[in-house]
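Summary of the model geometry
Single-letter residue listing:
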Amino acid sequence: MNKIENSFLNKDQFGQDFLWGVSTAAFQIEGAHDADGKGSSIWDVFTSQKGKIKNGHHAAIACDFYNSYQSDINLIRDLNIPNFRFSISWSRIMPTGIHPLNQAGIEYYNKIIDSLLASGIEPWITLYHWDLPHALEVKGGWTNRDSVKWFSDYVEVCAQYFGDRVKNWMVINEPSVFTGAGYFLGIHAPGKKGITNYLKAMHHVTLATAAGAKILRNRIPDANIGTTFSCTHIEPATESSKDIEAAKRVDTLLNRTFIEPILGLGYPQKDLPVLKKLNNYIREDDLDNLAFDFDFIGLQCYTREVVKYSLLTPYIGAELVSAEKRNVISTDMGWEVYPPALYHVLKKFNEYQGIKKIIITENGAAFPDTVSNGKVYDIKRTHFIQDHLEQILKAKNDGLNVDGYFVWSLTDNFEWAEGYNARFGLIHVDFETQKRTIKHSGLWFKDFLS
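You'll find the protein entered in an unreviewed UniProt entry as Beta-glucosidase, with Flavobacterium hungaricum given as the organism. Here the protein is described in UniProt, under the heading Sequence similarities (unreviewed entry), as follows: "Belongs to the glycosyl hydrolase 1 family." Annotation of the protein in UniProt includes, under Catalytic activity (unreviewed entry), the sentence "Hydrolysis of terminal, non-reducing beta-D-glucosyl residues with release of beta-D-glucose."

**Points about the overall build of the protein**
Scanning the protein for helices and strands turns up 16 helices and 13 strands. With respect to the three principal axes, the spread of C-alpha positions in the protein is 60 × 55 × 45 Å. Here the protein holds 450 residues, and the buried ones make up 60% of them. When the accessible area of the protein is evaluated, it comes to approximately 17,700 Å², of which 50% is carbon and sulfur surface.

**Things to note about helix 3 (residues 65–78)**
Under the 1.5 Å per step criterion, the end-to-end length of helix 3 is only 17 Å for 14 residues, more than 12% shorter than the ideal 20 Å. Considered for burial, the residues of helix 3 that qualify are Phe-65, Tyr-66, Ser-68, Tyr-69, Asp-72, Ile-73, Leu-75 and Ile-76. On its buried face, helix 3 is in contact with helix 1 (26–29), strand 2 (83–87), helix 4 (90–93), helix 5 (103–118), strand 12 (427–430) and strand 13 (435–438).

**A closer look at the environment of Tyr-338**
Relative to the assigned elements, Tyr-338 resides in the loop between helix 13 (323–326) and helix 14 (340–350). Taking the C-alpha atoms as reference points, Tyr-338 and Asp-164, 174 residues apart in sequence, are found 41 Å from one another. Apart from the residues lying within four places of it in its own chain, the contact partners of Tyr-338 are His-233, Glu-235, Arg-304, His-344 and His-388.

**Remarks on the nonpolar core**
Core analysis: the biggest nonpolar cluster contains 133 residues, and Trp-142 and Phe-151 have the highest contact counts within it. Per-element accounting of this core gives the leading share, 13 residues, to helix 9 (residues 195–219). With sequence-adjacent residues up to four places away left out, Phe-151 is seen in contact with Trp-90, Leu-127, Tyr-128, Trp-142, Val-171, Ile-172, Ala-208 and Gly-212.

**Observations regarding the sheet that holds strand 9 (residues 318–321)**
Taken in spatial order, the three strands make up an open sheet running 6-8-9, and their pairing is mixed. Lying at the two open borders of the sheet, with one neighbouring strand each, are strand 6 (233–236) and strand 9. Averaged over neighbouring strand pairs, the angle between their axes works out to 40° when direction is ignored. Where strand 8 (residues 304–309) and strand 9 come together, four bridges link them in antiparallel fashion. Each bridged residue has a counterpart across the sheet, and for Val-306 the counterpart in strand 9 is Val-321. Here helix 10 (residues 241–256) sits on the sheet in contact with strand 6, strand 8 and strand 9, set at roughly 130° to strand 8.

**Considering the packing of helix 14 against helix 15 (residues 379–397)**
Two elements in contact, helix 14 and helix 15, have axes whose closest approach is 8 Å; the angle formed by their N-to-C orientations is 35°. Read as a crossing pair, helix 14 and helix 15 show a hand that is right-handed. Touching Pro-340, Leu-342, Tyr-343 and Leu-346 of helix 14 are His-388, Gln-391, Ile-392, Lys-394 and Ala-395, all from helix 15. Here the contact of helix 14 with helix 15 is composed, by residue class, of six nonpolar, two polar and one charged.

Criteria and thresholds
Residues numbered from 1 in each chain as written. Predicted model: local features only at pLDDT ≥ 70, side-chain atom pairs only at ≥ 80, totals over all residues. Heavy atoms only, no water. UniProt positions renumbered as here; feature names shortened; annotations may be inferred. Helix = DSSP H or I, 4+ residues; strand = E, 2+ residues; numbered from the N terminus. Buried < 20%, exposed > 50% of the residue type's maximum accessible area, 1.4 Å probe, protein only. Areas by Shrake-Rupley, 256 points an atom, 1.4 Å probe, with all protein chains shown as cover. Expected span 1.5 Å × (residues − 1). Contact = heavy atoms within 4.5 Å. Core = buried A, V, L, I, M, F, W, Y, C linked by side-chain atoms within 4.5 Å. Pairing = 2+ DSSP bridges. Axes fitted to C-alpha atoms, helices over the stretch in contact; angles between N-to-C directions. Left-handed = near helix turned anticlockwise from the far one by under 90°. Nonpolar A, V, L, I, M, F, W, Y, C, P; charged D, E, K, R; others polar.

Encoded structure:
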């Protein structure tokens, strides 16, 4: 029996109010990197540096969503997808990150919002998906405490111009990833390294998350306000106490460091002592100002990580045992395919008292896709989505709080340091011609949603 055509899943099992959607990010799809007055972002600068991105790829054109948004929105409608998550490019509406405004940029997002609403699709805006204006990075970016004020002013502008029509908001996308990869490891923009840069950025981003949410609440009283966290199910490599402790530290870093201060619990310094260094940057009212009562929390989960003790890794004393070393099935990103991770993550976050709703705001997989006779038969991705939906259904049936599922991503796009090598889309993009081809996974999702 072909599992795909005969999957026991149907959307009614998830309930009438369950949210279904698809996610994207401005830098990964828009292109038009300097069109109509847009300023440079840290990713524009980073991708122009030699050796930073696989195969020397850049996102100057990407999926050209800037010019093809109408036809892409038509595809979302044709796929029966009722909710579309996209991000605003800060430097498109504020080219230097601060006033003055670029009216052409504001008009562009107004057109997207109006087009979505006219097509019966609900817009979900992410305010910050990693593309800080370069002019602010020159001033220290997220390591500068003024970043909280810069971000607040930007949120005010978005609320003012888009809040009359947009009800669903996500403040910041995956803070642990862009602070860790961008300010500690240096493998993502802006390419900074070191514990001091990382801790400053971490604290200021967390302050900015709460500050931005308060502005939205004040400006758009009936808004549905959330923020998103990447999370990963962590397991120790062995039952040795050293591996178990190492796994606990990695879990604290990846899953707890950003959510707990937002919930008013402070930073988990006891379980990850290096976080005590944050006290150098915490001012008098900061701990109160880190917390906000969000309407929902977005979780983004793709895999599990297996952790072993390592004397050589500074600060956390742990290292990941790769999927390749464990000889398990993995995606093009080298991530293990392990659907139960999603269930474990939901269980973990359901233990927090202060979370009202949980939405899976990203989940998906990169596999090599080929167009053959005008079709893309991406059986692995279709199975990946089905298997993860089964885990969500299991969580719901076990009484866990989970209220929605957004696939990453609508189209193949610019996958950060991986360039165009890793394809996550429900829709295939030929980056030479910009031709779109709906993959089998997209057609399956369409049928499922109908």
